[in-house]
Amino acid sequence: MLRTLAVAAIAVAAAGTAAASRAPAWSHPGPALEVAAGPPVRVVRAPAYHRPPAAARRAWRAFVADVGPTWTAMWDVATGTPIRAWGRGLPAPGATASATAAERYARAFVERHIDLLAPGSTPGDLHVVSNVVHAGIRSVGFRQTVRGIPVLGGQVSVRFRADRLFMIASEAFPHVSAPPARPVRDRTRAAAKARAWLEADGFAAPRLAAFDGPYVLPLVDPTGVRAYRTVYRAEFATRRPATRWDVFVDAWRFTPVARRQTLMFASGHIAFDAPVRRPTGDRADYVAPHVDVTVDGEAATTDADGVLSWPGDAPASVTVTARGALVAVDDAAGDPATADVTLAPGGTARWSAPDDERVDAQLATYIHANRVKAYCKGITPDMAWLDEPIRATVNVDDNCNAFSDGTNINFFTRGGGCENTGRLADVVYHEFGHSYHAHSIIDGVGQFDGALSEGGSDYLAATITGDPGMGRGFFFTNQPLRDIDPTDDPVFPDDLQGEVHADGILIAATLWDLRELLIAKYGQADGVARADRLFQAGIARASDMPTMYPEVLAANDDDGDLTNGTPDECEINEAFGRHGLRAIDVEVSPLGVEIPQVDGFHVALAVRGLSPRCDGEGIAAATLEWNLRSDPARAGQVDMAATGDGAFEGAIPPQPEGEVVQYRIVVRTDDGSEWSLPQNRADPRYELFVGAVTELYCTDFESDPAVDGWTHGLRSGADGEGADDWQWDVPAGRAASGDPDRAFSGERAFGNDLGHDNFNGSYQPDKVNFARMPVVDASGYSVVRLQYRRWLNVEDGSYDRATIYANGEPVWQNLATEDGTTHHQDREWRFHDVDLTRTLAPDGTVQVEFELASDGGLEFGGWTVDDVCIVAYAPSVCGDGVATGIEQCDDGPDNADAPDACRTNCTLPMCGDGIIDAGEECDDGNADPGDDCLDDCTRPDAAPGSADCGCRAGGTPHRPWTAPALVAALAVVALRRRARRRRPRGGAPVPGGPSAPSPLL
């Protein structure tokens, strides 16, 4: 039931909208949709950083050519649009002060780059809906339409500061198309099917409050837009449970398409010290600002300080209510309470009812609703909505919850083990925070997100009380409902749980950390004020938790150029970085199967997003550590060379053929902190295999593996939907499960629950399932190996086991530890080599299985595999007539006598190697240019210093091999072999892969 949910999402109203009004449906995408049929739509947007999706690359190149190379972007993978892009500002004369100049510039800029910002739209599809200056930033917002119909959630916006355009945002949808709408003659009849859908799910007597449209409703999957539907919106309200729904019905048949719950509920767990925080704690006498009273029968109102004036100097008889100019408290259980008191000149009249839950809830809610309004007024003094009245309803016949409808706030009675939520100060602040968020959103610029609003509302309550323990007293104790300064920092996306209150702690903890850092920098008062302003500026323009980072940076900027930093850039970077919400990208060039090379095996590292302006953020050193898997004592380390712009290069020294080399990169920053790649405590080193191999079987899963002979099934555990969850598809990148959002090569991969349809991306508990390769004939080969790419996320092997079998024998399993806390969590595609030789059947065949065995709790994403190969390996043999591996040539047993002068060690003669070969007059290594051996291994025909010195004595001129030339040639060969497409069995080396990013840090 919805009553058990921690929150339902918000129905927002744009800033400046009249009190108690609701914003039109197009002004925000609202909470996650519940579709009437088909798989669920996207709930969490997992953005990509820096690299544009394939569909946007051409438009992004044109954009960069226009604005310059300093700009960077955060991308919506599903729509292919830059949800935020920022960089060195472009001059926009007069844009900050003049709305006309700003709109003219913004419109021309958006039209010039419409293929990037709103692919498939025309300039006429984008309509200006806002042009405002807020916290020194002018924002111009455009709403997206198609054929004049608003596209729900579709918007494009532009930011100006200091007469410079320095940030853009697009939540527009690409290539929108939808059928026309059928005219509505009777809205009640048109909404009948929508009402029936609600009634069928237990919502009694839904009341139709509004019917409007048409709109275009995008249905978005994690990896793309599934469909566009033309719809009308039917708004319904129910009393018990208290809900409000937007139901979208097909604009032709009026059948339900989707719905969303638009009330905002707080969590049902709050402890309070009433009325300071909760009834079982301290109480205080608060002045009652702007409260309506009658004085000797005449209507009057107190001022902001609770001061009441009346004629004469005699004591006054005053009738007090809990209603006023800014907050009107209603009692759902009956008429609002009143009290008759006597007020002496210069005295204080108190209204106290600590033992009367119903009355105390009215008093506490009135006081704390006024307090939070005044606090928010200090953050945003120009927000007109804060000067308008809101309705606060207390003693609603329900318990363990509270909610906001986007403007008004509502609180439940005591019961079910929970306190009356109207008596809890933190709950009042939190619920008002939802309304504050809704009215802060700049139309066409920001968007509502449930987790962002929950976290922001928790932060608002905490910054008012100065206590990160939010909601004390909810369960009649002093324990907090949520602690936004937990001992273990929650990190995005690892700690997402799919529940908005739990997920919201990520941004709440980030904002609290920023508040603490700014207090340390500026002192208590100034630090809190700065943090609060950045919080509000962020929720005004952000569309979810990840977009808070660039929006907070933008709000902190002072010159319209984010490439030169902001006043508090370092504190913002630290706070958001602690929680994985900062755009830092690390890329390691992955190795796999490598041909032996005389100059070793090159590894490149690129780090983007660190700020050299912040102490400790410069990279002091990067070290490449390596060892042989067969003999870990054979190890070494190499200092990687900086090549500029956060890039480093290093080479693992040449290693013997047939060995597996393990390596990692350790990065040290200027502040002494250290982190290493790969980031997987259970498997903390990359692998590469040295030697040429012969492919016996390979698949990149771009065709159906079932056709190729792959099978999968449930080995044990209760059968049911998703029990055997092996899927062949495009990875959906479910953040909570740790799954990849792309295949290693091509489009498709194979793995456990790839997150499509009604799957959540995680394997199920208490199941053993498997995927089995076809039988591979390896007869005639002495060494056989499995070599593939892996993205595996599984609990510690003490609980959940990921196993590879060959002919029924286990050949690899994830790490199991005594304390069971070292989970195997790949954050990138990893090359993995497994020796299968000892498991070959007598007839030389081998069959490999990937198995996952789960226990009863804590599930991750499981196996995802790509580019799977069974290969054979044989070392190079000089003199066998076949040039393989590191051999430069091989003419057979009589190499030395062959026409190409191939040496007996299968190398070609080189000038400069210190050996005088046929055709060379001398060769002393040519290290001394002043001796009598020239660089081409010939002697001068005159004494050193003569006019003829340097001339060849005779013979045919030639260009011998030099050492640098040999290295270059070998590198070209290796590159070509690595780039060659895999072929059926026949001797081509297995290629390495393209560059792949490591996870955000």
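Let me begin by describing the structure that accompanies this report.

Conventions and cut-offs
- Residues numbered from 1 in each chain as written.
- Predicted model: local features only at pLDDT ≥ 70, side-chain atom pairs only at ≥ 80, totals over all residues.
- Heavy atoms only, no water.
- Phe/Tyr/Trp six-rings, centres within 6.5 Å; stacked < 30°, edge-to-face > 60°.
- Lys NZ or Arg CZ within 6 Å of the ring centre and 35° of its normal.
- Disulfide = S-S within 2.5 Å.
- Helix = DSSP H or I, 4+ residues; strand = E, 2+ residues; numbered from the N terminus.
- Buried < 20%, exposed > 50% of the residue type's maximum accessible area, 1.4 Å probe, protein only.
- Pairing = 2+ DSSP bridges.
- Core = buried A, V, L, I, M, F, W, Y, C linked by side-chain atoms within 4.5 Å.
- Expected span 1.5 Å × (residues − 1).
- Polar contact = N/O pair within 3.5 Å; in protein donor to acceptor, adjacent residues only side chain to side chain.

**Topic: the packing of aromatic side chains**
- Under the defined criterion, the tally for this structure stands at 24 aromatic pairs.
- Here a set of aromatic residues connected by ring pairs shows up, and it is made of Trp60, Phe63, Trp71, Trp75 and Phe109.
- When the ring centre of Trp197 is taken as reference, the NZ or CZ atom of Arg259 above it lies at 4.2 Å.

**Re the state of the cysteines**
- Inspection of every chain in the model, using the stated rule, returns four disulfides.
- Note on cysteine connectivity: Cys698 is disulfide-linked to Cys869, with sulfurs 1.9 Å apart. Its S-S torsion of approximately 120° makes the covalent link between Cys698 and Cys869 right-handed. Of this pair, Cys698 sits in strand 34 (residues 693-699) while Cys869 sits in strand 48 (residues 864-873), and the two are 171 residues apart along the sequence.
- Classification of Cys698 as partly exposed rests on a relative accessible area of 24%.
- According to the relative accessible area criterion, Cys869 is buried, its value standing at 0%.

**Considering unusual backbone geometry**
- With an omega dihedral of 5°, the bond running from Gly213 to Pro214 counts as a cis peptide bond.
- Within the fold, Pro214 resides in strand 9 (residues 207-221).
- Cis geometry is found at the peptide bond from Leu677 to Pro678, where omega equals 5°.
- Note that Pro678 resides in the loop between strand 32 (674-677) and strand 33 (686-690).
- Its identity as a non-glycine residue notwithstanding, Phe701 has a phi of 60°, on the positive side.
- With respect to the helices, strands and loops of the structure, Phe701 is situated in the loop between strand 34 and strand 35 (711-716).

**Here's the deal with the pairing of strand 24 (residues 585-588)**
- Both faces of strand 24 are covered, namely the face carrying Asp585 and Glu587 and the face carrying Val586 and Val588.
- In this structure, strand 24 lies alongside strand 26 (residues 601-608), joined through four bridges in antiparallel fashion. Among the inter-strand pairings, Asp585 is bridged to a residue of strand 26, identified as Arg608.

**Notes on the nonpolar core**
- Ranked by size, the top nonpolar core spans 75 residues in total, and within it Val318, Tyr436, Met545 and Met548 carry the most contacts.
- Within the second largest apolar cluster, 33 residues are counted, among which are Leu792, Ala802, Val834 and Phe860.

**A word on the pairing of strand 7 (residues 149-161)**
- The element strand 7 is largely enclosed, with a buried count of 13 among its 13 residues.
- The pairing of strand 6 (residues 137-146) with strand 7 spans eight bridges and is classified as antiparallel. In the strand pairing of strand 7, Val140 is matched with Val158.
- Bridge count for strand 7 against strand 8 (residues 164-170) is six bridges, and the pairing is antiparallel. Note that in strand 8 the partner of Arg161 across the bridge is Arg164.
- Hairpin remark: strand 7 followed by strand 8, antiparallel, with two residues in the connecting loop; positive phi at Ala162, about 50°.

**Re helix 8 (residues 450-465)**
- With 16 residues, helix 8 extends 23 Å from end C-alpha to end C-alpha; this agrees with the ideal 22 Å at 1.5 Å per step.
- The element helix 8 is largely enclosed, with a buried count of 15 among its 16 residues.
- Where helix 8 begins, the side chain of Asp449 points an oxygen toward the backbone nitrogen of Ala451, at a separation of 3.3 Å.
- Positive phi appears at Gly466, one or two residues downstream of helix 8, with a value of about 75°.

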